[in-house]
Amino acid sequence: MSHDVIVVGGSYAGMAAALQLLRARRKVLIIDAGQRRNRAADASHGFLGQDGADPAMIAGKARSELEAYPTLQWLDDLAPEASTNGPDGGFSVRSWNGAHHVGARLILATGVSDTLPDITGLAERWGQYVFHCPYCHGYELDQGQIGVIAAGPMSLHQAELLTEWGEVTLLVSGALALDEAARAKLAARHIRIEEAPILGIEGGADVRLEDGRRLRFAGLFTAPRTAPSTPIAEQLGCELEPTVSGTQIRRNEMHETSVPGVFACGDAAHIPHSVSIAVGDGALTGIMVHRSLVF
Ligand SMILES: Cc1cc2nc3c(=O)[nH]c(=O)nc-3n(C[C@H](O)[C@H](O)[C@H](O)COP(=O)(O)OP(=O)(O)OC[C@H]3O[C@@H](n4cnc5c(N)ncnc54)[C@H](O)[C@@H]3O)c2cc1C
């Protein structure tokens with residue numbers, strides 16, 4: 001077998017898993033396409049010891065720490081395909097450059113993709129003025145005006161939670177039906193309701209409504225749909241499971257998916273989503289995978 005473990009996805013979760021295995025002198029191949037989920041943000045918050053640091057700097061420093069271990073191979077590439085080789089044959093992963101890689105275990109740390117509401121100007125502001133996680137980006141809004149752009153039923157919960165960080169307006173824009181109970185909940189937390197359709201986002205976080213009004217906010221939040229960012233898990237036959245925001249890879253308490261020998265960690269397999277949680281989850285997965293090689 002060329003590698004003890006192949007890790008697909010070399011961001012926070014994948015690197016944290018690999019680090020444990022490298023420290024056990026295992027041969028690890030990381031294949032990474034370099035599309036970290038937080039790539040649109042300039043600062044990462046809430047990770048102890050790195051609060052406010054550039055997310056690329058955190059990932060870059062981690063990679064240089066891993067590269068000090070001689071049993072690491074790193075491939076900057078996409079892995080579009082993976083398959084099982086049958087009993088004890090391990091797994092084959094094809095990288096975009098055409099090479100085939102074989103490993104005894106496979107870790108999927110591929111993160112998730114975010115499907116954002118289709119509103120003019122929103123995608124360009126993702127990670128700068130439009131966010132999803134209040135723990136990551138709420139504090140910096142300095143208790144100012146916060147707009148929550150409804151994307152589905154979860155937006156109610158998001159609006160209620162965000163009152164901890166500022167004065168909240170829920171921009172319904174046809175994405176949510178509010179019954180009397182929902183309106184009462186919103187009123188109890190002093191959340192304004194704006195029902196006029198949104199024309200687009202302008203300036204920083206200004207919302208232009210179809211009736212011509214322009215509402216100014218310190219920041220905007222929305223709840224994207226999330227799903228594993230690549231189809232590799234499904235190709236391998238790994239079961240997915242629903243989450244509050246979409247789907248993730250199902251795994252057991254050993255972090256092994258429904259396909260023996262294939263493990264999953266980070267956003268792709270676990271909610272809630274954050275850098276620190278992905279790192280902790282990845283580290284535990286690395287340990288689980290190592291034990292599966294020993295026992
Ligand atoms: C806008 C935004 C801002 C955020 N800000 C914060 C913050 O301030 N603080 C915080 O704690 N969290 C923040 N997060 C959440 C954080 O980004 C994620 O929780 C974290 O990145 C998850 O790490 P991960 O390793 O699981 O996945 P990711 O970081 O998404 O990495 C997955 C990696 O796998 C690679 N990959 C996927 N498929 C393949 C394939 N087939 N072949 C090869 N490589 C592949 C990708 O290219 C990527 O490099 C933010 C998220 C967003 C969207």
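These remarks concern the structure in this document. If you're wondering where the values come from, they're calculated on a predicted model, not measured in any experiment.

**Topic: the overall build of the chain**
For step 1, the next point in the chain: From N to C terminus, the chain includes 8 helices and 19 strands.
For step 2, the next point in the chain: Its C-alpha atoms give the chain a radius of gyration of 21 Å, within 12% of the compact-globule value 19 Å for 295 residues.
For step 3, the next point in the chain: The dimensions of the chain, computed from C-alpha atoms along their principal axes, are 65 × 35 × 35 Å.
For step 4, the next point in the chain: Evaluated residue by residue, the chain yields a buried proportion of 51% over its 295 residues.
For step 5, the next point in the chain: Here the chain has roughly 13900 Å² of accessible surface; of this, 52% comes from carbon and sulfur atoms.

**As for the side chain of Asp 4**
For step 1, the next point in the chain: Within the secondary structure, Asp 4 is located in strand 1 (residues 3-8).
For step 2, the next point in the chain: You can call Asp 4 buried: its relative accessible area is 17%.
For step 3, the next point in the chain: One polar contact links the side chain of Asp 4 to the main-chain amide nitrogen of Lys 27, over a distance of 2.8 Å.
For step 4, the next point in the chain: Setting aside residues no more than four positions away along its own chain, Asp 4 makes contact with Arg 26, Lys 27, Gly 103, Ala 104, Arg 105 and Leu 293.

**Section: unusual backbone geometry**
For step 1, the next point in the chain: In this structure, Pro 272 follows Ile 271 across a cis peptide bond, with omega equal to 0°.
For step 2, the next point in the chain: For Pro 272, the location among the structural elements is in the loop between strand 19 (262-264) and helix 8 (275-294).
For step 3, the next point in the chain: A positive phi angle is found at Asp 142, which is not glycine, with a value near 60°.
For step 4, the next point in the chain: Topologically, Asp 142 is positioned in the loop between helix 4 (134-137) and strand 9 (145-149).
For step 5, the next point in the chain: Despite not being glycine, His 255 has its phi angle at roughly 70°, a positive value.
For step 6, the next point in the chain: Note that His 255 resides in the loop between strand 18 (247-249) and strand 19.

**Describing the packing of aromatic side chains**
For step 1, the next point in the chain: Under the defined criterion, the tally for this structure stands at 2 aromatic pairs.
For step 2, the next point in the chain: Measuring from ring centre to ring centre gives 5.7 Å for Phe 131 and Phe 221, while their planes differ by 50°; the resulting arrangement is tilted. Here Phe 221 lies in strand 15 (residues 219-222) and Phe 131 lies in strand 8 (residues 130-131), a separation of 90 residues in the sequence.
For step 3, the next point in the chain: On the accessibility criterion, Phe 131 (8% relative accessible area) is buried.
For step 4, the next point in the chain: Overall, Phe 221 belongs to the buried group, its relative accessible area being 0%.

**Quick look at the site of the ligand**
For step 1, the next point in the chain: Near the ligand there are 36 residues, and of these Ser 11, Asp 32, Gln 35, Ala 79 and Val 275 occur at the shortest range.
For step 2, the next point in the chain: The contact in question runs from an oxygen atom of the ligand to an N or O atom on the side chain of Ser 11, over 2.7 Å.
For step 3, the next point in the chain: Computed on the free molecule, the ligand has an accessible area of 1000 Å², of which 98% lies beneath the protein chains in the complex.
For step 4, the next point in the chain: Split by residue class, the shell around the ligand holds 13 nonpolar, 17 polar and 6 charged.

**Regarding the sheet that holds strand 11 (residues 192-194)**
For step 1, the next point in the chain: Taken in spatial order, the 5 strands of this open sheet run 8-15-9-10-11, and their pairing is parallel. Bordering the open sheet on either side are strand 8 and strand 11, each of which pairs with just one other strand.
For step 2, the next point in the chain: Contacts from helix 5 (residues 154-162) reach strand 9, strand 10 (167-171) and strand 15, with the element oriented near 170° to strand 9.

**Describing the side chain of His 273**
For step 1, the next point in the chain: Examined against the element boundaries, His 273 turns out to sit in the loop between strand 19 and helix 8.
For step 2, the next point in the chain: His 273 gets classed as buried once you look at its relative accessible area, which sits at 14%.
For step 3, the next point in the chain: Not counting the four nearest positions on each side in its chain, His 273 is found in contact with Arg 37, Val 112, Thr 226 and Asp 267.

**Points about the state of the cysteines**
For step 1, the next point in the chain: Summed over all chains, the structure comprises 0 disulfides.
For step 2, the next point in the chain: Take Cys 265: it sits in no disulfide, and the sulfur closest to it among the cysteines is that of Cys 238, at 13 Å.
For step 3, the next point in the chain: Looking at Cys 265, the relative accessible area reads 1%, which means it is buried.

Rules used in this analysis
Residues numbered from 1 in each chain as written. Predicted model: local features only at pLDDT ≥ 70, side-chain atom pairs only at ≥ 80, totals over all residues. Heavy atoms only, no water. Helix = DSSP H or I, 4+ residues; strand = E, 2+ residues; numbered from the N terminus. Rg over C-alpha atoms; globule rule 2.2 N^0.38 Å. Buried < 20%, exposed > 50% of the residue type's maximum accessible area, 1.4 Å probe, protein only. Areas by Shrake-Rupley, 256 points an atom, 1.4 Å probe, with all protein chains shown as cover. Polar contact = N/O pair within 3.5 Å; in protein donor to acceptor, adjacent residues only side chain to side chain. Contact = heavy atoms within 4.5 Å. Phe/Tyr/Trp six-rings, centres within 6.5 Å; stacked < 30°, edge-to-face > 60°. Near = heavy atom within 4 Å. Nonpolar A, V, L, I, M, F, W, Y, C, P; charged D, E, K, R; others polar. Pairing = 2+ DSSP bridges. Axes fitted to C-alpha atoms, helices over the stretch in contact; angles between N-to-C directions. Disulfide = S-S within 2.5 Å.

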